[in-house]
Amino acid sequence: MRFLGVHPGPLLYSKIFLRLEPLGLELVAQAVRRAGHAVRLIDLQVDDHAAFFQLVDSWRPDVVAFSCNYLANVPEIVDLAKATKARLPETFVCVGGHSASFTATTLIEHGAGAIDCVLKGEGEAAMPLLLDGIEAGGDVASVPGAVTAAGEGPAPGFVHSLDDIMPARDLLRHRRKYFLGTLDPCASIEFSRGCPWDCTFCSAWTFYGRSYRLVSPQRVVEDLRSIREPGVFIVDDVAFVQEKHGMEIAEAIIRAGIRKRYYLETRGDVLLRNRDVFRYWKKLGLEYMFIGLEAIDEEGLRKHRKRVSLGRNFEALEYARSLGIMIAINLIADPDWDHERFRIVRDWGVELPEVVNISVNTPYPGTESWVAEGSRVASRDYRLYDIQHAVLPTRLPLAEFYDELVATQRAFYRKHLGWRRVMNTAGVIAGHLMHGQTNFVKSLFHLDRVFRPEFLLADHALPVEYQIPLPQPAAAGPTPLSNALYIHPPRGRKGRAIDRATERFVEETRMGITP
């Protein structure tokens, strides 16, 4: 069968600071290719809709699969699915990915017959089975994780082992278009999958059932050897939760003689607990680290269920500085903030040497925040669910909220963007230009062109064809609310590849009651 995998277009911030390769889609593509099918991929972050339709018309795929990891892409995906079905009525159209898993039934309804199936859960495990069912002419609803207009199949299952497949990086054009800050170009890689914590604003743990699985050091080295890009983004939700695993990968990379520049995301308490790992990785090429502080007060940390004290967070920042690692900090702006609150946060952030990023508190399907706050949303337009727009009612008039939000973000970035950044990174930019790479230097001047209060406000006035359904009231009874949110059922302690000491650490630093 001919299988076409499609990644949708860019979101707001991917037009400015980064453009990442669709690693999940590449992994699914490799699983499909290993099953004996012809596979092509197209990434609409770097290609346009005209290129997609040209490929559909010329290659005439038997199956078109859209990757839906972000809610804001839903309208684009549904419209493309309808256009694909109009061109090729016999082509099987499906949607998978993180956000699709939490909105499967709704996507089927939005498609109005154009979307034949939504696959919940890990695509590497489910997609080959789905293709077998399509080829045999059987009932695809019996495939684990499959949702069709006729109903829902068995619960999705995990891929047998994360070592089983490699990403099909060779199937993507325009690889030089992927970058992350000064890592230009930049590839992506995973060392682990899942998250053992349970923050209220996050759906990683509800998707993976609070599991945590590891990629072997040998498999990591094999993947890194296939990567030509000098920059590598480690996509793990929390890097190096397990100290031993992080050290084993580092040692294997050193033995293999691989030299890259790395960017990763982690928690402040993990950084402090596993100091030696991060110190070792600094020598290995770790240059950038993203830490989600989320709040600068204890009340905000409690709201987002992050049991990390302010003191520990600030200690983590100091330790990262001592290593010479560039840090990006994330804060969550609450729609309830007023002028004074923005001023306090702005004054705090401009004094820091780190890059400070603000995301807007946004309840997403699959999170406990969605169940608790989803019924209050002021907009059900998928396109606004990008953590840059306010979808909950704001205390300030919406125009004033956006004025403050943009002014605060610009104040934080002023010392890291524009001509000042050009001067500070002149050597890096010169190296990029010598190799024909312009992604990073262009990004230094895109913020004011793209991230503007009038643009954010105008997005609320766009006509809305597809709306997110509001959450259903939680069922009464002894079952914890979070159990109903899981895509992959939790397996408890046996589903987490961490030692007992790390398990105790996780339990001490989380505030949930789920398995």
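Cut-offs and rules
The residue numbers shown here count from 1 along each chain, following its written sequence. Owing to the predicted nature of the model, reporting of local features is limited to residues with pLDDT of at least 70; listing and counting of side-chain atom pairs is limited to 80 or more, with chain, interface and lining totals taken over all residues. With hydrogens and water excluded, all non-hydrogen atoms of the structure serve as input to the side-chain values. For two strands to count as paired, DSSP must find a minimum of two bridges between them. By the criteria applied, helices consist of DSSP H or I runs no shorter than four residues and strands consist of E runs no shorter than two, each listed in order from the N terminus. The rule is simple: take the accessible area with a 1.4 Å probe, protein chains only, and divide by the maximum for that residue type; under 20% is buried, over 50% is exposed, in between is partly exposed. Here, axes are lines fitted to C-alpha atoms. For helices the fit covers the stretch in contact, and angles between N-to-C directions go from 0 to 180 degrees. By the definition adopted for this analysis, an angle is roughly parallel if under 35 degrees, roughly antiparallel if over 145, roughly perpendicular if from 65 to 115, and oblique otherwise. A clockwise turn of the near helix away from the far one marks a right-handed crossing, whereas an anticlockwise turn of less than a right angle marks a left-handed crossing. Here, two residues are considered to be in contact whenever any of their heavy atoms come within 4.5 Å of each other. Put simply, Ala, Val, Leu, Ile, Met, Phe, Trp, Tyr, Cys and Pro go in the nonpolar bin, Asp, Glu, Lys and Arg in the charged bin, and everything else, Gly too, in the polar bin. For a helix, the expected span equals 1.5 Å multiplied by the number of residues minus one. What the arc covers is the set of directions going from the helix axis to the C-beta atoms. We call Phe, Tyr and Trp rings a pair once their centres come within 6.5 Å, taking the six-membered ring for Trp, and we label the pair stacked below 30 degrees between planes, edge-to-face above 60, and tilted otherwise. Criterion for a charge above a ring: Lys NZ or Arg CZ within 6 Å of the ring centre, and within 35 degrees of the ring normal.

### As for the sheet that holds strand β3 (residues 38–43)
Two orientations exist for strands paired in a sheet by backbone hydrogen bonds: parallel and antiparallel.
Link 1 in the chain: A sheet is described by the order of its strands in space; here 7 strands give the open sequence β3-β1-β4-β5-β6-β7-β8, paired in mixed fashion. If you trace the sheet from one side to the other, it starts and ends with β3 and β8 (151–152), each paired once.
Link 2 in the chain: Bridging between strand β6 (residues 117–119) and strand β7 (residues 146–148) involves 2 bridges; their strand directions are antiparallel. Residue pairing for β7: Val118 is matched across the bridge by Val147.

### As for the pairing of strand β1 (residues 2–7)
Link 1 in the chain: Judged by how many residues are buried, β1 sits mostly within the fold: 5 of 6 residues are covered.
Link 2 in the chain: Where β1 lies against β3, 6 bridges are found, and the strand directions are parallel. Residue pairing across strands places His7 opposite Asp43, the latter belonging to β3.
Link 3 in the chain: Of the strand pairs in this sheet, β1 and strand β4 (residues 63–67) are connected by 4 bridges, and their pairing is parallel. Paired with Gly5 across the strands is Ala65, a residue of β4.

### A look at the packing of helix α3 (residues 74–87) against helix α5 (residues 104–111)
Packed helices, taken two at a time, are described by the angle their axes make and the gap between the axes.
Link 1 in the chain: Orientation of α3 relative to α5, taken along the N-to-C sense of each, is 45°, at an axis distance of 9 Å. Classed by the angle they form, the pair α3 and α5 counts as oblique. Crossing angle aside, the handedness with which α3 passes α5 is right-handed. Contact with α3, carried on its side by Val74, Val78 and Lys82, involves Leu107, His110 and Gly111 of α5 and no other residues of that element.
Link 2 in the chain: Taken together, the residues that form the contact of α3 with α5 break down as 3 nonpolar, 2 polar and 1 charged.

### Notes on helix α9 (residues 243–256)
Link 1 in the chain: With 14 residues, α9 should reach 20 Å at 1.5 Å per residue; the first-to-last C-alpha distance of 20 Å fits that figure.
Link 2 in the chain: What α9 keeps buried is the set His245, Gly246, Ile249, Ala250, Ala252 and Ile253. Considered in projection along α9, the buried side chains sweep an arc of 165° and stay on one side of the axis. Facing away from the buried surface of α9 by more than 90 degrees, the exposed residues are Lys244 and Arg255.
Link 3 in the chain: Turning to α9, the residues buried within the fold contact β12 (212–214), α8 (217–226), β14 (261–266) and α11 (275–284).
Link 4 in the chain: Gly257, located one to two residues past α9, shows a positive phi value of around 70°.

### What to know about the packing of aromatic side chains
Each aromatic ring pair is summarised here by two numbers: the centre-to-centre distance and the angle between the ring planes.
Link 1 in the chain: Using the criterion set out here, one finds 19 aromatic pairs in the structure.
Link 2 in the chain: Measuring from ring centre to ring centre gives 5.5 Å for Phe342 and Phe401, while their planes differ by 70°; the resulting arrangement is edge-to-face. Separated by 59 residues along the polypeptide, Phe342 in helix α14 (residues 339–350) and Phe401 in helix α16 (residues 398–413) bring together distant segments of the chain.
Link 3 in the chain: With a relative accessible area of 0%, Phe342 lands in the buried category.
Link 4 in the chain: With a centroid separation of 6.5 Å and 75° between ring planes, the pair formed by Trp370 and Tyr385 is classed as edge-to-face. Taken together, the positions of Trp370 in helix α15 (residues 368–373) and Tyr385 in the loop between α15 and α16 put the pair 15 residues apart, joining distant regions of the chain.
Link 5 in the chain: A residue is classified by how much of its surface remains accessible, and Tyr385, at 1% relative accessible area, is buried.
Link 6 in the chain: Within the aromatic cluster, the residues linked to one another by ring pairs are Phe191, Phe240, Tyr262, Phe278 and Trp281.
Link 7 in the chain: Over the ring of Phe158 we find Arg213; its NZ or CZ atom is 3.8 Å from the centre of that ring.

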